[in-house]
Amino acid sequence: YPLVCLGQSQTSGQYQRRVHWRFPTLKPVIRTFYDHSSVVNDLDFHPTSTLLASCSRDSTIKLFDHEKQLVKRSYKHVLENTVVRSVNFHPSGDYILAGSDQPYIRIYNVSTFQAYISSNIHKQHTKAVTQVQYSNDGVFYVSCSLAR
């Protein structure tokens, strides 16, 4: 299961259409977010706010506010044209890095969800991007794909 930890809390999402928010020492599930229509592939916490990003086989990236007790659905989302496999917040929290079944890495502005891709697509992957991750300082990112 993909797992993202923040202090004592954790979330898990693989093989499920919902995102569970758990505190292991208190009770099994304290909050469940519903909004994906297919398997959740990856999750990431915003570095400074109460946002949780998720991506799914339903070709969406969704943002949830995990502090709002009564809210169970995303407050913002973007629809991609293929399965989204991986998401990762920039350390500033201003951008989300996304990898999908397309060979191009996308960077989304969190406020506007405007997408950016490299102008030099010939130096990117040739098959689906399976994982993306920013460096701790946000200067670099790494990615991997299904290409051999």
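For the structure itself, look to the data block above.
Attention here is on the structure that accompanies the text.

So, how was this worked out
- Residues numbered from 1 in each chain as written.
- Predicted model: local features only at pLDDT ≥ 70, side-chain atom pairs only at ≥ 80, totals over all residues.
- Heavy atoms only, no water.
- Salt bridge = Lys/Arg side-chain N within 4 Å of Asp/Glu carboxyl O.
- Helix = DSSP H or I, 4+ residues; strand = E, 2+ residues; numbered from the N terminus.
- Buried < 20%, exposed > 50% of the residue type's maximum accessible area, 1.4 Å probe, protein only.
- Phe/Tyr/Trp six-rings, centres within 6.5 Å; stacked < 30°, edge-to-face > 60°.
- Core = buried A, V, L, I, M, F, W, Y, C linked by side-chain atoms within 4.5 Å.
- Contact = heavy atoms within 4.5 Å.
- Pairing = 2+ DSSP bridges.

1. A short note on the pattern of salt bridges
Here is step 1: Tallied over the entire structure, the rule returns two salt bridges.
Here is step 2: A salt bridge links Arg106 to Glu80; its shortest N-O distance comes to 3.1 Å. Separated by 26 residues along the polypeptide, Arg106 in strand 11 (residues 106–109) and Glu80 in the loop between strand 8 (76–79) and strand 9 (84–89) bring together distant segments of the chain. Across this residue pair, the class does not change: Arg106 and Glu80 are buried.
Here is step 3: Note that Arg85 is salt-bridged to Asp101, the shortest N-O span being 2.4 Å. One end of the pair, Arg85, is in strand 9; the other, Asp101, is in the loop between strand 10 (95–100) and strand 11, with 16 residues separating them in the sequence.

2. Quick notes on the packing of aromatic side chains
Here is step 1: Tallying each qualifying case throughout the model produces two aromatic pairs.
Here is step 2: Both rings, one in Tyr108 and one in Phe113, keep their centres 5.8 Å apart while their planes meet at 90 degrees; by these two values the pair is edge-to-face.
Here is step 3: Taking relative accessible area as the criterion, Tyr108 reaches 3% and is therefore assigned buried.
Here is step 4: Between Tyr134 and Tyr141, the ring centres sit 6.3 Å apart and the planes meet at 80 degrees, which makes this aromatic pair edge-to-face.

3. Details of the nonpolar core
Here is step 1: Grouped together as the largest cluster of nonpolar side chains are 14 residues, with contacts concentrated most on Ile61, Leu63, Val87, Phe89, Ile96, Tyr108 and Phe113.
Here is step 2: Put simply, the parts of the chain that give this core at least two residues each are strand 6 (51–56), strand 7 (60–65), strand 9 and strand 10.
Here is step 3: Not counting residues within four places of it along the chain, the set of residues in contact with Phe89 comprises Asp44, Phe45, His46, Pro47, Leu51, Ala53, Leu63, Tyr95, Ile96, Val110 and Tyr134.
Here is step 4: Counting six residues, the second largest nonpolar core, distinct from the first, contains Phe33, Val40, Leu43 and Phe45.

4. A look at the sheet that holds strand 9
Here is step 1: The sheet built from four strands is open, its strands ordered 9-10-11-12 with antiparallel pairing. Strands with a single pairing partner mark the edges of an open sheet, and in this sheet they are strand 9 and strand 12 (115–116).
Here is step 2: As paired strands, strand 10 and strand 11 are joined by four bridges and run antiparallel to one another. Paired with Ile96 across the strands is Tyr108, a residue of strand 11.

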